[in-house]
Amino acid sequence: MKRIGIIVAFIIYAAAAFCGTNILVGKACSSDGSTLCTYSADSYYLYGELDFSPREEHSKYSKIDIYGWDTRRYQGKVDQVPETAAVLGNINEYQVCITESTWGGRPELVDTSGILDYGNLIKLTLQRCKNAVEAIQIMTELVDEYGYCSSGETFTIADPNQIWIMEMIGKGPDIKGAVWVAQRVPDDHICAHANHSRITSFPMNDRQNCMYSKDVISFAREKGYFDGKNKNFSFSDAYDPMSFSARRFCDSRVWSVFRKLSPDMDKYLDYVMGKSDERLPLWVKPTNKISLHDLKELMRDRFEGTPLNSSEGVGSEPFGSQMRFAPREWEIDGVKYFNENPIAGPQNAFSFVAQMRSYLPNMVGGVLWYGVDDATFTVYIPLYCGITSVPKCFTTDNGSQLKFSWDSAYWVFNWVSNMVYYRYSLMAPDVIKQQLEIEKKLEDNLEVVEEAAKSLYKKSPEYAARFLTEYSENQSHITMSAWKSLGEFLLVKYCLLRLQLKILLLKTI
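What you see is a predicted model, and the numbers here were worked out from it, not measured in a lab.

1. Some thoughts on the overall build of the chain
Piece 1. Across its full length, the chain holds 13 helices and 21 strands.
Piece 2. For a compact globule of 509 residues, the expected C-alpha radius of gyration is about 23 Å, and the chain comes in at 23 Å, within 12% of that figure.
Piece 3. Projecting the C-alpha coordinates of the chain onto the three principal axes gives extents of approximately 80 × 70 × 55 Å.
Piece 4. If you take every contact in the chain between residues at least 6 apart in sequence, the share linking residues at least 24 apart comes to 72%.
Piece 5. When the accessible surface of the chain is totalled, it reaches about 22,500 Å², and 54% of it is carbon and sulfur.
Piece 6. Separation of charge centres in the chain, based on 55 positive and 63 negative side chains, amounts to 2 Å.

Rendered as structure tokens:
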């Protein structure tokens with residue numbers, strides 16, 4: 001019973017620490033003209049898996065039972081639409097990708113009677129939309145009709161031509177709808193968000209690039225969150241007031257991304273450290289074009305080269321490890337300490353880089369470069385939005401958080417990562433070398449694979465879908481096999497090394 005109690009307490013802590021990081025890249029600043037966005041699902045209690053729902057037709061009067069995305073509690077029914085699109089995780093067959101990061105905000109604004117939470121809202125919208133603007137319209141109409149029961153959220157909404165950042169929070173118990181604002185990210189800029197509201201003031205007369213609920217300001221006045229002139233209204237300041245933890249644990253991740261891509265970001269270090277009120281810009285223009293590889297590496301960021309670097313300090317681990325383990329905050333002899341909260345780490349259940357390309361057929365143009373467990377040591381595998389099934393190693397019925405499976409990518413990558421954590425400086429180079437070799441090969445194969453898929457698409461979309469499904473399955477299997485072999489190699493190599501050290505020690509005695 002004591003062990004069960006420990007597990008329950010850990011899960012409760014982990015749920016409270018849920019977080020995620022999104023990076024948004026406009027098509028004019030990507031190296032290949034694609035729109036790009038990233039996502040990390042971060043919590044120790046999440047299992048790294050991937051859901052798929054095929055395109056379907058539905059009867060006129062059918063309804064959907066809605067169960068809590070995180071709680072699995074029954075929440076109500078929603079009217080179904082005549083036809084739903086195929087959805088692979090966070091991307092649909094039209095290359096629309098929607099992701100999120102939770103920031104909470106005003107706790108009194110959670111509508112506990114609402115039917116839709118952030119996860120169900122994303123899934124329903126992906127099943128119903130064909131572009132980013134349509135997705136925003138659907139999301140806001142759904143919460144108006146059925147109520148919104150999550151706390152504050154920032155959503156990334158991307159298609160092959162546009163990327164939008166939208167922030168939303170409810171209006172309180174028994175009040176349907178939400179207050180929200182959405183802004184289009186300029187094509188030649190990058191944006192990022194990480195569990196803190198990022199939109200401050202916004203252009204109220206530019207409907208091409210900004211949309212918002214009609215009561216977004218008046219509701220804030222009514223609740224006493226704002227009393228100035230409309231032009232001075234800040235969504236973030238009204239609905240998610242700034243705090244030290246918001247800067248240090250959330251905006252620090254945004255800053256770390258921006259500083260690697262745009263000049264003059266070091267001037268915001270004092271803000272991140274809690275010593276300045278000068279907030280980060282919503283988006284920045286990168287110095288150079290951003291590649292797919294660049295984004296993968298950004299998802300592995302751990303504040304290297306900054307005062308927030310995790311490999312040093314009171315909470316640092318042996319062997320030069322860059323890992324910091326839970327809890328995030330602790331107290332010893334009356335002194336409070338905390339660990340930094342980088343993008344990559346053991347808290348990652350899964351992460352991905354989504355690639356959307358307007359110059360290719362949808363089923364070929366949309367790709368989830370998907371990886372499970374710690375992004376530091378994962379391999380991002382290309383899963384096309386046109387596939388008709390999920391590779392076995394990522395399926396939802398393959399293992400669980402409490403059931404190990406050698407056929408589950410989540411468990412195989414966890415096995416390797418957890419070996420590395422305790423001999424970081426020794427093992428990490430072997431893992432990273434293998435990681436980069438596999439990812440480079442996958443990227444180098446893209447042109448040939450996609451040319452073949454396009455040729456098949458012209459003959460039959462079904463043939464193309466079958467080809468891409470088999471390719472994604474094969475590459476997932478090959479990567480899994482390589483990672484198992486890597487784990488076996490590490491285990492043997494460092495067991496032998498330990499044995500050699502013991503022999504050497506005995507010889508010196």
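2. Side note on the side chain of K171
Piece 1. Within the secondary structure, K171 is located in the loop between β12 (163-170) and β13 (178-184).
Piece 2. Looking at K171, the relative accessible area reads 15%, which means it is buried.
Piece 3. In terms of polar contacts, K171 uses its side chain to reach the side chain of D215, at 2.6 Å.
Piece 4. In this view, K171 contacts L109, K176, G177, A178, V179, D215 and F219; residues no more than four positions away in its chain are not counted.

3. Considerations on the packing of helix α2 (residues 118-128) against helix α3 (residues 132-146)
Piece 1. It is at 9 Å that the axes of α2 and α3 come closest, and there the two elements cross at 130 degrees. Considered as vectors, α2 and α3 are oriented oblique to each other. Crossing hand, α2 versus α3: right-handed. For the pair α2 and α3, the contacting residues are L121, L124, T125 and R128 in the first and E134, A135, I138, M139, L142 and V143 in the second.

4. A look at the sheet that holds strand β1 (residues 22-25)
Piece 1. One open sheet accounts for 7 strands, arranged β16-β14-β1-β2-β19-β20-β21; its pairing is antiparallel. Taken across any chain shown, the strands that pair with only one partner, and hence form the sheet edges, are β16 (283-284) and β21 (381-384).
Piece 2. Docked against the sheet, helix α6 (residues 244-261) engages β1, β14 (190-193) and β16, running at close to 160 degrees with respect to β14.

5. Concerning helix α11 (residues 424-444)
Piece 1. For α11, spanning 21 residues, the distance from its first C-alpha to its last is 29 Å, which sits close to the expected 30 Å at 1.5 Å a residue.
Piece 2. Those residues of α11 that sit buried are Y424, M427, A428, D430, V431, Q435, I438, E439 and L442. Taken end-on, α11 shows its buried residues confined to a sector of 170 degrees, consistent with a single buried face. Exposed positions of α11 whose direction lies more than 90 degrees from the buried face are K433, K440 and K441.

6. Here's the deal with the nonpolar core
Piece 1. By size, the foremost hydrophobic cluster in this structure holds 116 residues, and its most contacted members are F233, Y239 and F394.
Piece 2. Ignoring any residue separated from it by four or fewer positions in sequence, one finds F233 in contact with T200, S201, F202, V216, I217, A220, F226, A238 and Y239.
Piece 3. Counting 32 residues, the second-largest nonpolar core is a separate cluster that includes I98, L124, L126 and Y146.

7. Things to note about the environment of N288
Piece 1. Within the secondary structure, N288 is located in the loop between β16 and α8 (292-298).
Piece 2. Remark: the alpha-carbon pair of N288 and S262, spanning 26 residues in sequence, is separated by 8.3 Å.

8. What about the pattern of salt bridges?
Piece 1. All chains considered together, the criterion is met by 21 salt bridges.
Piece 2. The salt bridge partner of E443 is K296, with a shortest N-O separation of 2.8 Å. Here K296 lies in helix α8 and E443 lies in helix α11, a separation of 147 residues in the sequence.
Piece 3. What you see here is one network of salt bridges that share partners, running through K260, D301 and E304.

9. Section: the packing of helix α10 (residues 409-421) against α11
Piece 1. Running from N to C, α10 and α11 cross one another at 140 degrees; their axes reach a closest spacing of 7 Å. For the pair α10 and α11, contact is made by V416, M419, V420 and Y421 and by Y424, M427, A428 and V431, respectively.
Piece 2. For the contact of α10 with α11, the residue count by class is 8 nonpolar, no polar and no charged.

10. Structural notes on the layout of surface pockets
Piece 1. A volume near 1,100 Å³ is recorded for the largest pocket.
Piece 2. Taken together, 40 residues line the largest pocket, and the ones lying closest to its centre are E49, D51, W69, R72 and K123.
Piece 3. Going through the elements one at a time, β2 (35-42), β5 (63-67) and α2 are the ones with two or more residues in the lining of the largest pocket.
Piece 4. Considering each element in turn, the lining of the largest pocket owes the most residues, 8 residues, to α2.

Definitions and limits used
Residues numbered from 1 in each chain as written. Predicted model: local features only at pLDDT ≥ 70, side-chain atom pairs only at ≥ 80, totals over all residues. Heavy atoms only, no water. Helix = DSSP H or I, 4+ residues; strand = E, 2+ residues; numbered from the N terminus. Rg over C-alpha atoms; globule rule 2.2 N^0.38 Å. Contact = heavy atoms within 4.5 Å. Areas by Shrake-Rupley, 256 points an atom, 1.4 Å probe, with all protein chains shown as cover. Lys, Arg positive; Asp, Glu negative; His and termini not counted. Charge placed at Lys NZ, Arg CZ, Asp CG, Glu CD. Buried < 20%, exposed > 50% of the residue type's maximum accessible area, 1.4 Å probe, protein only. Polar contact = N/O pair within 3.5 Å; in protein donor to acceptor, adjacent residues only side chain to side chain. Axes fitted to C-alpha atoms, helices over the stretch in contact; angles between N-to-C directions. Parallel < 35°, antiparallel > 145°, perpendicular 65-115°, else oblique. Left-handed = near helix turned anticlockwise from the far one by under 90°. Pairing = 2+ DSSP bridges. Expected span 1.5 Å × (residues − 1). Arc of directions from axis to C-beta. Core = buried A, V, L, I, M, F, W, Y, C linked by side-chain atoms within 4.5 Å. Salt bridge = Lys/Arg side-chain N within 4 Å of Asp/Glu carboxyl O. Nonpolar A, V, L, I, M, F, W, Y, C, P; charged D, E, K, R; others polar. 1 Å grid on protein atoms, 1.4 Å probe; cavity = no way out; pocket = protein on both sides within 12 Å on 5 of 7 lines; lining within 4 Å. Points joined across faces, edges and corners; volume = space filled by probe spheres on them.

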